[in-house]
Amino acid sequence: MTYRYIGKSGLRVSPICMGTMTFGTQTPSQKEAFEIMDKAYEAGVNFYDTAELYPVPPTAKLAGITEEIVGKWLKTKPRESIILATKVAGAASGWYVPPVRHGLTAIDSFHIQRAVEGSLKRLKTDYIDLYQMHWPDTIVPIEESLKAFDKLVQEGKVRYIGTSNDTAYGTTKALMTSEAKGYARFESIQNNFSLLNRRFLDELAAVAKKEQISLLSYSPLAGGVLSGKYNQNADMQGRFSEYLQSPNKRQRVMAQRFMNDKTLASTQKYLKIAYDHEIHPVTLAIAWSKQFDFVASTIIGATNAVQLDASLAAMDLVLSDEILKACDAVHQEILYPMG
């Protein structure tokens, strides 16, 4: 196992991170969630990611349940053997209103303080290793946000901070502000990154490498599309099949972005590469997403422990130049299938 540092921090994490957003919905029982986390832990995974909004899809009734499950599990392990990450919900100033704090969320000092207090209580711990902004606030100045995050670091409630779903401009602006003001800086950025979504390589990869801020890539399977399940069965009952029928416009748009003619055509070609090289498609996709020098860890998910086998097989797998070139050729043939 080769552990990697997150940014310039002292956090040394496994190349695979166990995501938990299904705990409480698609993984309905606490017993199943514990089995998933135990299996990951036994395989050497020391990095676990959650959020105050989880499980997904977020609802006012269920928000926070995932952290409660993770908190109960955390008590079964030596606390310092786990690198624990969670997130404060992003601002309600966009087209999505988080179902917490009565839909009035912002990345300001009040909401950051309330959010971390709630997370610490649900997680049953006195500190969070990596506290992340779930998505940026377009209204509150980043100076105010970073000042509030820095206060948490000074108080010892949080060791390091990170951003998520951010842009090259937003990330650079935050880093420059931290340097100018002497505030704790974002050590990580958690963004979507997969064979079907290479947008991070356009600009953000340069920022990550130049500024030594690590990518924590999420959705390496593009929401399960790269597993091939939708190619094998167009009527497959999965998250995006449900979202396509949703009355919620945001969910329909998301589903159409992940599951369309171009993503399915690309996936078919990636499936062939995997089969030609006798690699499970899931293993191929996850191995690809973690094989960049700016990636500290790739976040995986599972609804049951059996699903972890193919994902964990990517832990120490290094894809050959031949496979990487074949994957690049698919991208060149079908550019940016997710838009």
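Scope of this entry: the structure provided in the associated data block.

Scoring rules and cut-offs
Throughout this document, residue positions are counted from 1 along each chain, in the order its sequence is written. Side-chain atom pairs in this predicted model are given and counted only at pLDDT of 80 or more, local residue features only at pLDDT of at least 70, and totals for whole chains, interfaces and linings cover all residues. Excluding hydrogens and water, the side-chain figures rest on all heavy atoms present in the structure. The numbering of helices and of strands both runs from the N terminus, where a helix is a DSSP run of H or I of at least 4 residues and a strand a run of E of at least 2. Buried means the residue's accessible area, taken with a 1.4 Å probe over protein chains only, is under 20% of the maximum for its type, while exposed means over 50%, and partly exposed covers the values in between. Contacts: residue pairs with any heavy atoms within 4.5 Å of one another. Lines fitted to the C-alpha atoms define the axes, with helices restricted to the stretch that makes contact. Angles between their N-to-C directions range from 0 to 180 degrees. In this scheme, a crossing is called left-handed if the near helix is turned counterclockwise away from the far one by less than a right angle; it is called right-handed if the turn is clockwise. Only Asp, Glu, Lys and Arg are considered charged, only Ala, Val, Leu, Ile, Met, Phe, Trp, Tyr, Cys and Pro nonpolar, and every remaining residue, Gly among them, polar. Any Phe, Tyr or Trp ring, taking Trp's six-membered ring, that has another such ring centre within 6.5 Å forms a pair; planes under 30 degrees apart are called stacked, those over 60 apart edge-to-face, and the others tilted. Any carboxyl oxygen of Asp or Glu that lies within 4 Å of a side-chain nitrogen of Lys or Arg is treated as forming a salt bridge with it. For two strands to be treated as a pair, DSSP must find no fewer than two bridges joining them. With the strands aimed away from the viewer, a crossover counts as right-handed if its path from the first strand over the helix to the second runs clockwise.

This paragraph deals with the overall build of the protein chain. For the protein chain, the helix and strand inventory stands at 13 helices and ten strands. When its C-alpha atoms are laid out on the principal axes, the protein chain stretches across 55 × 45 × 45 Å. Counting across all 339 residues of the protein chain, residues that qualify as buried make up 55%. The contacts in the protein chain between residues at least 6 apart in sequence include a share of 78% that link residues at least 24 apart.

The next thing to look at is the packing of helix α4 (residues 142-155) against helix α5 (residues 168-181). In contact at an axis separation of 10 Å, α4 and α5 are set at 60° when each is read in the N-to-C sense. Handedness of the crossing formed by α4 with α5: right-handed. Residues I142, E143 and L146 of α4 form the contact with α5, whose own contacting residues are K173, A174, T177, S178 and K181. Here the residues of the contact of α4 with α5 sort into three nonpolar, two polar and three charged.

Let's shift gears to unusual backbone geometry. Negative phi values dominate among residues other than glycine, just as trans dominates among peptide bonds. Looking along the chain, the bond that leaves Y54 and enters P55 is cis, with omega of 15°. Residue position: P55 is located in the loop between β4 (47-49) and α2 (65-74). Between V56 and P57 the backbone carries a cis peptide bond, its omega angle lying at 0°. If you trace the backbone, P57 turns up in the loop between β4 and α2. The phi angle at K124 is positive, at roughly 55°, despite the residue not being glycine. Structurally, the position occupied by K124 is in the loop between α3 (109-123) and β6 (128-133).

As a further point, take the packing of aromatic side chains. This model, assessed by the stated rule, comprises twelve aromatic pairs. On the numbers, 6.1 Å between centres and 75° between planes, the contact of Y131 with F149 is edge-to-face. Here the residue Y131 occupies a position in strand β6, and F149 occupies one in helix α4, the gap between them amounting to 18 residues. The class for F149 is buried, based on a relative accessible area of 0%.

Before going further, it helps to spend a moment on the pattern of salt bridges. Pairs can form between side chains of opposite charge once their charged atoms are near each other. Going through the model one piece at a time under the given rule, you end up with 15 salt bridges. Across the salt bridge formed by D129 and R79, the nearest N and O atoms sit 3.1 Å from each other. Here D129 is found in strand β6, whereas its partner R79 is found in the loop between α2 and β5 (83-88), with 50 residues between them in sequence. Under the relative-accessibility criterion, D129 is labelled buried at 0%. We note a salt bridge from K269 to E333, for which the minimum N-O separation is 3.4 Å. Taken as a pair, K269 in helix α10 (residues 261-276) and E333 in helix α13 (residues 321-333) lie far apart in primary sequence, 64 residues in all. Of the residues examined, K269 reaches a relative accessible area of 31% and is grouped as partly exposed. It is possible to trace a salt-bridge network through shared partners that takes in R79, D129 and R159.

To continue, consider the sheet that holds β6. Strand order in the closed barrel formed by eight strands is β3-β4-β5-β6-β7-β8-β9-β10, and the pairing between neighbours is parallel. On average, each strand axis in the sheet is inclined to that of its neighbour by 30°, with strand direction left out of account. Direction of pairing for strand β9 (residues 214-217) relative to strand β10 (residues 295-300): parallel, over a ladder of three bridges. Its bridge partner being in β10, L215 is matched across the sheet by V295.

To continue, consider the environment of R122. Looking at the secondary structure, you find R122 in helix α3. Accessibility expressed as a relative area gives 22% for R122, which makes it partly exposed. When the C-alpha positions of R122 and K75 are compared, they lie 12 Å apart, and in sequence the two are 47 residues distant. Not counting residues within four places of it along the chain, the set of residues in contact with R122 comprises E52, G64, E67, E68 and G71.

Another aspect to go through is the pairing of strand β7 (residues 158-164). For β7, the buried fraction is high: five of the seven residues fall into the buried class. Note that β6 and β7 share four bridges and pair parallel. Opposite Y131, over in β7, you have I161 as the bridge partner. Tracing the backbone out of β6, into α4 and back to the parallel element β7 gives a crossover that is right-handed. Where β7 meets strand β8 (residues 186-190), four bridges bridge the pair, whose relative direction is parallel. In the strand pairing of β8, T163 is matched with I189. Once you follow β7 into α5 and on to β8, the crossover reads as right-handed.

With respect to the helices and strands, the residue S178 is situated in helix α5. Take S178: its relative accessible area is 3%, and that puts it in the buried class. A sequence separation of 32 residues divides S178 from L146, and the C-alpha atoms of the two residues are 7.1 Å apart. The contact partners of S178, leaving out residues within four places of it in the chain, are L146, Y183, A184 and R185.

These values are about where atoms sit, not about what they do.
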